[in-house]
Amino acid sequence: MAEELTKLICITCPVGCTLEVTHEGKTLIKVEGNQCKKGVDYAEGELTDPRRMVTSTVKVRGGVFPLVPVYTAAPIPKPLIFDLLAELRKVELQAPVKVGQVVLKNALGTGVDILASRNLPAGD
Amino acid sequence: MLKQKYDVIVIGSGPAGLAAAIEAKKTGAEDVLIIERAKELGGILQQCIHNGFGVEILKQDLPGPAYAQRFIDEAEQLGVEVLLDAMVLDISPARHIYAISKWSGFAELDARAIVLSMGCRERTRAQIRIPGTRPAGVYTAGTAQRFVNIEGFMPGKRFVILGSGDIGMIMARRLTFEGAKVERVLEIMPFLTGLIRNYVQCLLDFNIPLQLRHTVSRIIGNSRVEAVEAVQVDDKWQPIPGTEEIIPCDTLLLSVGLIPENELSRKAGVALDPVTGGPYVDEGMQTSVPGIFAAGNVVHVYDLVDWVTEAGFRAGRSAAKFALAERKRAARQVKLQPGDNIRYIVPHVMDKESLAEADQRLQMRVIQPIEDKVWVEVLDGDNLVTRKSQRYVRPGEMVTVDIPQKAYDAVQKADTLTVRVVRR
Ligand SMILES: Cc1cc2nc3c(=O)[nH]c(=O)nc-3n(C[C@H](O)[C@H](O)[C@H](O)COP(=O)(O)OP(=O)(O)OC[C@H]3O[C@@H](n4cnc5c(N)ncnc54)[C@H](O)[C@@H]3O)c2cc1C
Ligand code: SF4
């Protein structure tokens, strides 16, 4: 397989470095333009198993608001995002909810838990 | 129970206000109060459910509400008092605060120091002047964010977003997650105005098209938005004829900038920089009015919450130091209060230490004439500090009494000295 050059933008932090990634298929050869080591990890991930953090909301009964925001404890494979959102639509919690509470364990068998991102007291 | 006077009163409970209150406590301020017009603490972060907060300060990538929760918990542990659902209406330069609350009604409070942290508000359609009808279905991106993330209500099904700021791009992804179709993001500038990472993870990942050098030239629809007309602009932001395109949609979101919220600052007499739209501040975040500090988006619009928190810490520390100095000054002073038959006394307050150097003369006028021998007495409660005898007193003739140096110890114990005239 021939060497290829792909331009990527690292989204690991707000700096947003433009990475010039040399690779052969899914094999990383070198990364340029990264301001820190995490840029290399990001490039590697994008080539082999691109992942994203996902944030959304789930329904809550008996809370001060009808929803509680949730997030993936770690990034999940990008192709699973919409499946995960469909899973989350089925969840309904009972208030009160605590920040960090596990809302969905081992979501879609990824090994990643979904956590509540705030306290939601019971109320009207 | 609300106190009448606080060392530090913080207005607004976003990351700036929370940090200021926390740091004020840690610096030694005893009574610290946060006044917040919303029903809960946290400010705008409560609706920013996406991650990306705290990477710098907490070395952790958290959603907005989780970031806020850290600081809410810390404020609570430190004993910061909170008044929720209360809107501050006015502040005087002497740091008198007027607030209205659904629960406790009208409240008047005094602060030795104030931290302004009211955040910012979004620019609206009126401020960018889009022609066309005024149908329902035009929202600012932040308003839509609140609907979708907190209140659980989708404002539409097919969206066009004007402006490539972070809030707009983040909402493009959020709406896509909730099953809506985002037709287009339009940006009048020749470059992205938000962070490039948001372009990648919010637009590119979901194939949402972005058009630079484009704007909305017209809104179409009677009772509800039916479409918008997009147009390309030239270097002078003028529409280029012939580039118009009708994009069918039912909702237009505006993500066209934020303006620091400085109504209150203006009322307090705080000088504002016309460029940032926020107060002029010194290195300790003090505004042009002594004892009034400011931090966060009220000063200038930040794109990273970590720096907002950092500015809040700085403002809280300075405010506490100011308040403590005020307390010391007040502790050194004794009030001089007119008692029986006295109309006024000058001076009104006296530094207790002044007796270490010399006797202190008080000048006053009486209310009623007494054509008899009288005592002019200076008292701390029931304890006589000093007195002098006089043959008569008349309103037309100024009366004086000296507090002698030997009263130094007695005066140190007093908060207030009362002066009265009584018959012998
Ligand atoms: C929609 C949006 C998305 C953002 N996304 C990100 C992001 O992804 N990552 C990031 O790092 N940063 C982000 N930011 C920036 C960051 O959230 C803000 O910079 C930060 O929240 C500003 O904090 P603040 O304390 O200055 O103001 P705010 O959080 O706005 O808090 C101000 C508070 O003051 C209260 N208030 C105002 N006037 C009064 C009054 N008269 N009386 C009583 N209370 C009053 C308001 O109710 C509010 O609670 C975003 C900002 C916005 C607006
Ligand atoms: S390479 Fe490092 S500095 Fe650059 S965006 Fe990625 S994480 Fe940030």
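Just so you know, these numbers come straight off a predicted model, no measurement behind them.

Engineer: Help me out: how do you make sense of the packing of aromatic side chains in this one?
Structural biologist: By convention here, two paired aromatic rings are described through the distance between centres and the angle between planes. Inspection of every chain in the model, using the stated rule, returns eight aromatic pairs over all chains. Consider the rings of Phe82 of chain A and Phe206 of chain B, whose centres lie 5.9 Å apart with planes at 85°: the pair is edge-to-face. Placement of Phe82 of chain A in helix α2 (residues 81–90) and of Phe206 of chain B in the loop between α6 (196–203) and β11 (210–211) is noted, with the two residues assigned to different chains. With a relative accessible area of 15%, Phe206 of chain B lands in the buried category. With a centroid separation of 6.1 Å and an interplanar angle of 75°, the aromatic rings of Phe293 of chain B and Phe322 of chain B are classed as edge-to-face. Pair noted here: Phe293 of chain B is in strand β17 (residues 292–294) and Phe322 of chain B is in helix α8 (residues 305–332), with a separation of 29 residues, a long-range link.

Engineer: Is there a simple way to think about the sheet that holds strand β21 (residues 360–366) of chain B in this case?
Structural biologist: Each strand in a sheet pairs with its neighbour through backbone hydrogen bonds, running either in the same direction (parallel) or in the opposite one (antiparallel). All names here are of chain B. The antiparallel open sheet is built from three strands, whose spatial order is β19-β21-β24. A single partner strand is all that each edge strand has here, and the edge strands are β19 (342–346) and β24 (399–403). Strand-to-strand twist of the sheet, defined as the mean angle between neighbouring strand axes without regard to direction, takes the value 30°. Sheet analysis places β21 next to β24, joined by five bridges and oriented antiparallel. Considered in β24, the bridge of Leu362 is made with Val401.

Engineer: Before we go on, may I ask you to explain the site of ligand 2 in this structure?
Structural biologist: Close contacts around ligand 2 come from Cys10, Thr12, Cys13, Gly16, Cys17, Asn34, Gln35, Cys36, Lys38 and Gly39 of chain A, and that covers them all. A class-by-class count of the residues in the shell around ligand 2 yields four nonpolar, five polar and one charged.

Engineer: Can you walk me through the side chain of Ser56 of chain A in this structure?
Structural biologist: Position of Ser56 of chain A among the secondary structure elements: in strand β5 (residues 55–61). Residue Ser56 of chain A is classed as buried on the basis of its relative accessible area of 3%. Side-chain polar atoms of Ser56 of chain A contact the side chain of Arg174 of chain B, separated by 3.2 Å. Leaving out residues up to four positions away in the same chain, Ser56 of chain A has contacts with Val68, Pro69, Val70, Leu85 and Leu88 of chain A together with Ile49, Arg174 and Glu178 of chain B.

Engineer: Just checking my understanding: could you explain the pattern of salt bridges for this structure?
Structural biologist: Pairing between side chains of opposite charge can happen when the charged atoms of each approach one another. All names here are of chain B. Following the criterion strictly, the structure yields 35 salt bridges over all chains and no others. Ionic pairing is found between Glu263 and Arg266, a salt bridge with its closest N-O pair at 3.3 Å. Taken together, the positions of Glu263 and Arg266, both in helix α7 (residues 263–267) and three residues apart, correspond to about one turn of that helix. Here the salt bridges share partners, and the residues they tie into one network are Lys3, Asp7, Glu30, Asp31, Glu81, Arg112 and Arg327.

Engineer: Sorry if this is basic, but what is going on with the sheet that holds β11 of chain B here?
Structural biologist: All names here are of chain B. If you trace the five strands from one edge of the open sheet to the other, you get β8-β15-β9-β10-β11, paired in parallel fashion. The sheet is open, and its two edges are formed by β8 (138–140) and β11, each paired on a single side. Pairing analysis gives four bridges linking strand β9 (residues 158–162) to strand β15 (residues 251–254), with the strands arranged parallel. Across the sheet, Val160 pairs through a bridge with Leu252, a residue of β15.

Engineer: Honestly, the packing of helix α1 (residues 15–27) of chain B against α8 of chain B in this entry has me stumped. Any pointers?
Structural biologist: All names here are of chain B. Running from amino to carboxyl end, α1 crosses α8 at an angle of 40°, the nearest separation of the two axes being 6 Å. Between α1 and α8, the crossing angle belongs to the class labelled oblique. Crossing angle aside, the handedness with which α1 passes α8 is right-handed. Along the contact surface, α1 presents Pro15, Ala16, Ala19, Ala20, Ile22, Glu23, Ala24 and Thr27, while α8 presents Val305, Val308, Thr309, Gly312, Phe313, Gly316, Arg317, Ala320, Lys321 and Leu324. In terms of residue class, the contact of α1 with α8 is built from eleven nonpolar, four polar and three charged.

Engineer: Got a minute to help me understand the pairing of β15 of chain B in this structure?
Structural biologist: Each regular strand displays side chains that alternate between the two surfaces of the sheet. Residue and element names in this part refer to chain B. Taking every second residue as pointing to the same face, both faces of β15 are buried, with Thr251 and Leu253 on one and Leu252 and Leu254 on the other. Here β8 pairs with β15 via three bridges, running parallel. Within the sheet, the bridge partner assigned to Thr140 lies in β15 and is Leu254.

Engineer: Please explain the interface of chain B and chain A as it appears in this structure.
Structural biologist: Many descriptions give the size of an interface as the accessible area lost when the pieces come together. Across the boundary between the two partners, chain B contributes 28 residues, which contact 27 residues of chain A. Surface buried jointly by chain B and chain A totals about 2,500 Å² across both partners, of which 62% is contributed by carbon and sulfur atoms. For the interface between chain B and chain A, the tally reads three salt bridges. Here chain B and chain A share ten residue pairs in polar contact (both at pLDDT 80 or more) between them. Of all the secondary-structure elements, those providing two or more residues to the side of chain B that touches chain A are α2 (64–78), α4 (141–151), α5 (166–177) and α6 of chain B.

Engineer: Looking at this model, I keep getting lost on the site of ligand 1. Mind explaining?
Structural biologist: Residues and elements named next belong to chain B. Near ligand 1 there are 31 residues, and of these Glu36, Ile44, His50, Asn297 and Val305 occur at the shortest range. Side-chain polar atom of Glu36 to an oxygen atom of ligand 1: 2.6 Å apart, as the coordinates give it. In this structure, Val305 approaches ligand 1 through a main-chain N or O atom, which is 2.8 Å from an oxygen atom. Against a free-state accessible area of 1,000 Å², the protein chains account for coverage of 93% of ligand 1.

Engineer: Help me understand the domain arrangement of chain B, please; the structure alone is not making it clear to me.
Structural biologist: Assigned domains within chain B: domain 1 (1–122 + 258–328), domain 2 (124–256) and domain 3 (330–424). For domain 2 of chain B and domain 3 of chain B, the distance between their C-alpha centres works out to 72 Å.

The rules behind the values
Within each chain, residue numbers correspond to sequence positions counted from 1 in written order. As they are written, the chains are lettered A onward and the ligands numbered 1 onward, keeping that order. Where totals are concerned, whole chains, interfaces and linings use all residues; where local detail is concerned, this predicted model gives features only for residues with pLDDT of at least 70, and gives and counts side-chain atom pairs only at 80 or more. The basis for every side-chain value is the complete set of heavy atoms in the structure, and neither hydrogens nor water enter the calculation. Stacked, edge-to-face and tilted are the three classes for Phe, Tyr and Trp ring pairs, Trp counted by its six-membered ring, which pair at centre distances within 6.5 Å; planes under 30 degrees apart are stacked, over 60 edge-to-face, the rest tilted. In this description a helix means any DSSP run of H or I spanning at least four residues, a strand means any run of E spanning at least two, and both kinds are numbered starting from the N terminus. Burial status follows relative accessibility: with a 1.4 Å probe on protein chains alone, a residue under 20% of its type maximum counts as buried, one over 50% as exposed, and anything between as partly exposed. Only strands joined by at least two bridges in the DSSP assignment are considered to pair. A fitted line through C-alpha atoms serves as each axis, taken over the contacting stretch for helices, and the angle formed by two N-to-C directions is quoted from 0 to 180°. Any residue with a non-hydrogen atom lying within 4 Å of a molecule or strand is treated as near it. Each residue gets one of three labels, nonpolar for Ala, Val, Leu, Ile, Met, Phe, Trp, Tyr, Cys and Pro, charged for Asp, Glu, Lys and Arg, and polar for the others, Gly among them. The term polar contact refers here to a pair of N or O atoms within 3.5 Å; inside protein, the definition further demands a hydrogen-donor-capable atom paired with an acceptor-capable atom, and it admits residues adjacent in sequence only when both atoms are side-chain atoms. In this description, contact between two residues means that some pair of their heavy atoms is separated by no more than 4.5 Å. Basic side-chain nitrogens of Lys or Arg form a salt bridge, by our definition, when they fall within 4 Å of a carboxyl oxygen of Asp or Glu. Each angle gets one of four labels, with under 35 degrees taken as roughly parallel, over 145 as roughly antiparallel, 65 to 115 as roughly perpendicular, and the rest as oblique. Should the near helix be turned anticlockwise from the far one by less than a right angle, the crossing is left-handed, and should it be turned clockwise, the crossing is right-handed. Here the buried area means the combined drop in accessible surface, using a 1.4 Å probe, for two parts upon being joined, counting both sides. The protein chains shown are the only cover counted for residues, whose accessible areas, like all others here, come from Shrake-Rupley with a 1.4 Å probe. An automatic or database domain assignment provides the domain bounds reported here.

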